[in-house]
Every structure is written in structure tokens, then in C-alpha cells.
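Now for the letters of each chain:
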Amino acid sequence: MSRICYLNGQYISPAHASVSPEDRGFLMGDGVYEVIACIHGHMADETGHLDRLERSLKELQMDMPVTRESLRFLMREVVRRNRQKNAAIYLQVSRGAAKRDFAFPDADTPQTLFIIAYDYDFSGQISPISVKTTEDQRWKRRDIKTVLLLPQSMAKQNALDEGYGDAWMLDPEGYVNEASASNAYIIKDGTIITRPVSHNILKGITRTAIEKLCRDSDIKFEERKFKPQEAYEADEAFNSSATSLIVPINNIDGHDIFNGKRGKITELLYKEYRAYADGLRGEQISWEAGL
Ligand code: PDD
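Figured I'd write up the structure that's included with this text. Everything quoted here is computed from the prediction, not taken from an experiment. (Residues numbered from 1 in each chain as written. Predicted model: local features only at pLDDT ≥ 70, side-chain atom pairs only at ≥ 80, totals over all residues. Heavy atoms only, no water.)

Here's the deal with the overall build of the protein chain
To keep it simple, the criterion reads: Note on conventions: DSSP H or I runs of at least 4 residues are helices, E runs of at least 2 residues are strands, and numbering of each starts at the N terminus. Here the globule rule is a power law, 2.2 Å times the number of residues to the power 0.38, and the radius of gyration is based on C-alpha atoms. For every residue, the accessible area obtained with a 1.4 Å probe (protein chains only) is divided by the maximum for its type, and the residue is called buried under 20%, exposed over 50%, and partly exposed between those limits. Residues are treated as being in contact if the distance between any of their heavy atoms lies within 4.5 Å. Accessible surface is estimated by sampling points in the Shrake-Rupley manner with a 1.4 Å probe; for residues, cover comes only from the protein chains shown. Only four residue types enter the tally: Lys and Arg on the positive side, Asp and Glu on the negative side; His and the chain ends are excluded. A charged residue contributes its charge at one atom only: NZ of Lys, CZ of Arg, CG of Asp or CD of Glu.
When you go through the protein chain residue by residue, the secondary structure sums to seven helices and 15 strands. For the protein chain, whose C-alpha radius of gyration is 19 Å, the value lies close to the compact-globule estimate of 19 Å for 291 residues. In terms of overall dimensions, the protein chain has C-alpha extents of about 55 × 40 × 35 Å along its principal axes. Every one of the 291 residues in the protein chain was classed for burial, and the buried ones make up 53%. Put simply, of all contacts in the protein chain between residues at least 6 apart along the chain, 72% involve residues at least 24 apart. Carbon and sulfur atoms make up 50% of the accessible area of the protein chain, which amounts to about 13,700 Å² in all. Measuring between centres, the 38 positive side-chain charges of the protein chain sit 2 Å from its 43 negative side-chain charges.

Quick notes on the packing of helix 2 (residues 46-59) against helix 3 (residues 68-81)
For clarity, the threshold we go by: To define axes, lines are fitted to C-alpha atoms, for helices over the stretch in contact only, and angles between the resulting N-to-C directions are given on a 0 to 180 degree scale. Put simply, angles under 35 degrees are roughly parallel, angles over 145 are roughly antiparallel, angles from 65 to 115 are roughly perpendicular, and the rest are oblique. Take the far helix as your reference; a near helix turned counterclockwise from it by less than a right angle gives a left-handed crossing, and one turned clockwise gives a right-handed crossing.
Across the interface, helix 2 lies against helix 3 with an axial gap of 11 Å and an inter-helix angle of 125°. Here helix 2 lies oblique to helix 3, going by the angle between them. The handedness of the crossing between helix 2 and helix 3 is right-handed. Counting all contacts with helix 2, which are made through Glu46, Thr47, Leu50, Asp51, Leu53 and Glu54, the residues of helix 3 involved are Arg68, Leu71, Arg72, Met75 and Arg76.

Looking at the pattern of salt bridges
We count it as follows: Any carboxyl oxygen of Asp or Glu within 4 Å of a side-chain nitrogen of Lys or Arg constitutes a salt bridge here.
Considering all chains together, one arrives at 31 salt bridges under this definition. Arg55 is paired through a salt bridge with Glu59; the nearest N and O atoms lie 3.9 Å apart. In this pair, Arg55 and Glu59 are both assigned in helix 2, four residues apart and thus about one turn of the helix distant. We classify Arg55 as buried; its relative accessible area is 15%. Note that Glu283 is salt-bridged to Arg281, the shortest N-O span being 3.1 Å. The exposure class of Arg281 is partly exposed, given its relative accessible area of 34%.

Section: the sheet that holds strand 2 (residues 10-12)
So the rule is basically this: For two strands to pair, DSSP has to find at least two bridges joining them.
With antiparallel pairing, six strands are arranged side by side in an open sheet as 2-1-6-5-3-4. Unpaired on one side and paired on the other, strand 2 and strand 4 (42-43) mark the two borders of the sheet. Across three bridges, the pairing between strand 1 (residues 5-7) and strand 2 is antiparallel. What sits directly across from Tyr6, in strand 2, is Tyr11. In this fold helix 3 packs onto strand 1, strand 2, strand 3 (31-39), strand 4, strand 5 (87-94) and strand 6 (112-119), with an angle of close to 40° to the strand it touches most, strand 6.

Regarding unusual backbone geometry
What is expected of a backbone is that most residues other than glycine have negative phi and most peptide bonds are trans. Of note, the phi angle at Asp45 is positive, near 55°, even though the residue is not glycine. A relative accessible area of 3% places Asp45 in the buried class. Located in the positive-phi region is Leu245, a residue other than glycine, with phi close to 60°. Here Leu245 falls in the buried class, since its relative accessible area comes to 3%.

Focus: the environment of Phe104
Mapped onto the secondary structure, Phe104 falls in the loop between strand 5 and strand 6. Taking the C-alpha atoms as reference points, Phe104 and Arg24, 80 residues apart in sequence, are found 9.4 Å from one another. Ignoring anything within four residues of it in the chain, the contact list for Phe104 reads Arg24, Leu60, Gln61 and Arg95.

Some details on the site of the ligand
The line we're drawing: For this description, a residue counts as near a given molecule or strand if any of its non-hydrogen atoms is within 4 Å of it. As used in this structure description, the phrase polar contact means that two N or O atoms lie within 3.5 Å; if the pair is within protein, one of them must be able to donate a hydrogen and the other to accept it, and residues adjacent in sequence are counted only when both atoms belong to side chains. All the domain ranges listed were derived from an automatic or database domain assignment.
Of all residues adjacent to the ligand, which total 19 residues, the nearest are Tyr33, Glu178, Ile205, Thr206 and Ala242. Ala181 has a polar backbone atom sitting 3.2 Å from a nitrogen atom of the ligand. A distance of 2.5 Å is found between an oxygen atom of the ligand and a side-chain nitrogen or oxygen belonging to Thr206. Protein chains bury 91% of the 470 Å² of accessible surface belonging to the ligand in isolation. Among the elements of the structure, strand 3, helix 2, helix 5 (205-216) and strand 13 (236-241) are those that each provide at least two residues to the shell around the ligand. When we break the shell around the ligand down by domain, the ones giving at least three residues each are domain 1 (5-119) and domain 2 (129-277).

Some points on the nonpolar core
Formally: Side-chain atoms within 4.5 Å link the members of a nonpolar core, which is a set of buried Ala, Val, Leu, Ile, Met, Phe, Trp, Tyr and Cys residues.
If you look at the biggest cluster of nonpolar residues, it comprises 24 residues, and the most contacted ones within it are Leu53, Met75, Ile89, Leu91, Leu113 and Ile115. Sorting the residues of this core by element identifies strand 3, helix 2, helix 3, strand 5 and strand 6 as the ones contributing at least two each. Here the element with the most residues in this core is helix 3; it accounts for five residues. Apart from residues no more than four positions distant in its own chain, Ile89 is found in contact with Glu34, Val35, Ile36, Cys38, Met43, Met75, Val79, Ile115, Ile116 and Ala117. Counting residues in each nonpolar core, the second largest holds 22 residues, with Ile39, Ile210, Phe238 and Ile246 among its members.

Here it is as C-alpha cells:
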């Protein structure tokens, strides 16, 4: 079956879809995106992702391209037309095509809206991975989910080339910001520790849900910075994101964590988060920038 995506009002095969070469997303990375998991037909954390999309756009002086209701409909329609039950939905909005200029074009320039759904297997927990710490080379507004992803892509590729599963990116003082496309956590003496929200990191929708689930189930959730040295001595560690959900980390820079196995609290959190993401709790957590 040929795949169908949505681009600017059309349901079309990606092979035949085209965007202007003057699109500012292409020329300048002038766009934002979201990635939403569709698990057994349930859009996990949809409300939070749309909250963050609206906020990312606002920070770049853009409006929502269509209403929230239309976005919800379009995502479901792409999944329906592809007969998908499990998918990672990618949604991108750029400022649209205009004569190349550093100043923003007129506000009535039509935005580009692109939605595609990739088949995704959510059947089991992802195996533990190792991470390598590395300098964070991104710009200073990491709280906005822009399509400027080259530093993350390079960090991930360098980690893979050196035999690790992902990178943890460090701020200039050597504290862990986050992973290439996930938030980063350690667990010590039963407390989950992750960096406080700031312009340094993207405030994950999954992170927001994990925080709420921890508070609901009396698991201690502490927001503070930590360095790799502390992480090497942690009881457990994990990453979280919309597509990978919760990924156990069994090694950081060559130091084994939890004897190289999947940690117990990480396992418990995964089960809790899975019940929520699968829609079994019947709730959707909203998201606020918190800055
Ligand atoms: N990435 N930090 C960064 C830098 C990210 O790119 C992501 C998500 C996260 C986690 O956010 P959330 O829980 O809302 O997915 C944190 C997505 C999955 C991506 O770029 O594919």
C-alpha cells in the first residue's frame, strides 16, 4: 500500500508531495514540529503536544496553521488512510515560502503544514541502551521545538559511531541537559532526578506525564541539575520521549548502571506510563511551558 501524508490541504503520496525551495523551513530552519505516538489507535498525550505546538509557534510569532480540532482531525485522517494502528505522527509547521530575507515575511504568508505517520512498533519496552556524554552545541532556545536539529543529529551519530546508543548533551558547566531527542533522568535512593525546566532543554510532554504519575504514586520526583560523575553512581537511569516512551540506560560513558540491566523503578514507571499512554487511565495531561 502506498503511503499517504498530508501537505497544505492535500492527502498525497510523499513521493509526489512537494514544498517550494523558497520555503523558510528549508532555507532557514524556520519551523516547528511535534511527534505524537498513536498507540493502538490512541493519540498519546495529544493535548500536551498541541499545547506545546501552539507555544512553540507563539515564541516564533506564528499562529496555529489551522484550529486544534482540524489538527486532531487531520492526524486521525492520515492514520486512517494508511490503515495504521501504531504510528509515530510527525507534524511540521513552517513560516511558508517567501523571498529569502532575514526579516519575517508578511504575517499573511501561507504557512506550510505537513503531517506524516510512520509505522511504529509499541509492542514491547525498548532494550536498555548506553549513552555517551558530549558538549551541547545547540542554540540557546532549546525550549522551542524547532526543526533546527543538526547538533542533535551530529551528537547522536557520533555516539552511534563510538558504539553507544545515544548522547547526553552537557551545558558549559558540565551538567547534563538532555539526550539527543529525549529528556534524561537518573534515580538515586528511590528519587527520580531530572534537570529543571529552562531554555536549556525541551520540556517533554512525556516528562510532564512522568512527573504527574510520580506525584500520584508517591515516587519522589526531584528537579535539579546533575553531572555525569553523579550519574555514573546512580542506581538507575533512563530517557523519555513520545516515541521511545521510557528507555532504560545501562551504561554511561563506559560505567555500568544497575549492573548493565533494566532498572526496577524504571520498569515500574514504564508500566505506569504505558497504562496512561495507551489511554487506559482515560485522562490527558495538559502542558505548560513553566518558564
Ligand atoms: N523528540 N528533548 C528533545 C531535544 C527532544 O527532541 C524530545 C522529543 C524530547 C522529549 O519530548 P517529548 O516527551 O515531548 O517527546 C526532549 C522527538 C520524539 C523527536 O524529535 O523525534
